[in-house]
Amino acid sequence: MLRIAICDDDKKLLTLLHKEIDLWFLMLRKTDYNFSIDEYTSSEQFSFCLKSNSYDIIFLDIEMPGLNGINTATELIKRNPSVLIII
């Protein structure tokens, strides 16, 4: 299963991106992809949940309160150099 995380402090954009990813995978259904998407509204919430979850693809907002997307991406790459990060 492909595990996807979206981290954005703007809930409207978070929902929109989730729908777009669902639509994209729906178009690929012919190849029978299994995937899950988890949503996070802050880098701190996301970082906390990383202790029990691992992801293949991570969508990060750059500007977020507290820990921004660039700093979060830097830490993620240190933990898992093969993760795909989309900012």
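Given the structure is predicted, the values throughout are model-derived calculations rather than measurements.

About the criteria used
Sequence order sets the numbering: in each chain, residues are counted from 1 along the sequence as written. Confidence filtering applies because this is a predicted model: local features only for residues at pLDDT of at least 70, side-chain atom pairs given and counted only at 80 or more, and all residues used for totals across whole chains, interfaces and linings. To get the side-chain values, all heavy atoms of the structure are used, and hydrogens and water are removed first. Strand pairing is assigned whenever DSSP detects at least two bridges linking the two strands. Going along the chain from the N terminus, every DSSP run of H or I of four or more residues is numbered as a helix, and every run of E of two or more is numbered as a strand. To get an axis, fit a line to the C-alpha atoms, keeping to the stretch in contact for a helix; angles then go from 0 to 180 degrees between the N-to-C directions. Note on contacts: a residue pair is in contact if any heavy atoms of the two residues lie within 4.5 Å.

## Here's the deal with the sheet that holds strand 4 (residues 84-86)
Across the sheet, which stays open at both edges, the four strands sit in the order 2-1-3-4 with parallel pairing between neighbours. Every interior strand has two partners, whereas the edge strands, strand 2 (35-40) and strand 4, have only one. Taking each pair of neighbouring strands and ignoring which way they run, the sheet shows an average axis angle of 15°. Sheet topology note: the strand 3 (residues 57-60)/strand 4 ladder contains three bridges and is parallel. For Phe-59, the partnering residue across the bridge sits in strand 4 and is Ile-86. Against the sheet, helix 3 (residues 69-79) touches strand 3 and strand 4, its axis set at about 160° to strand 3.

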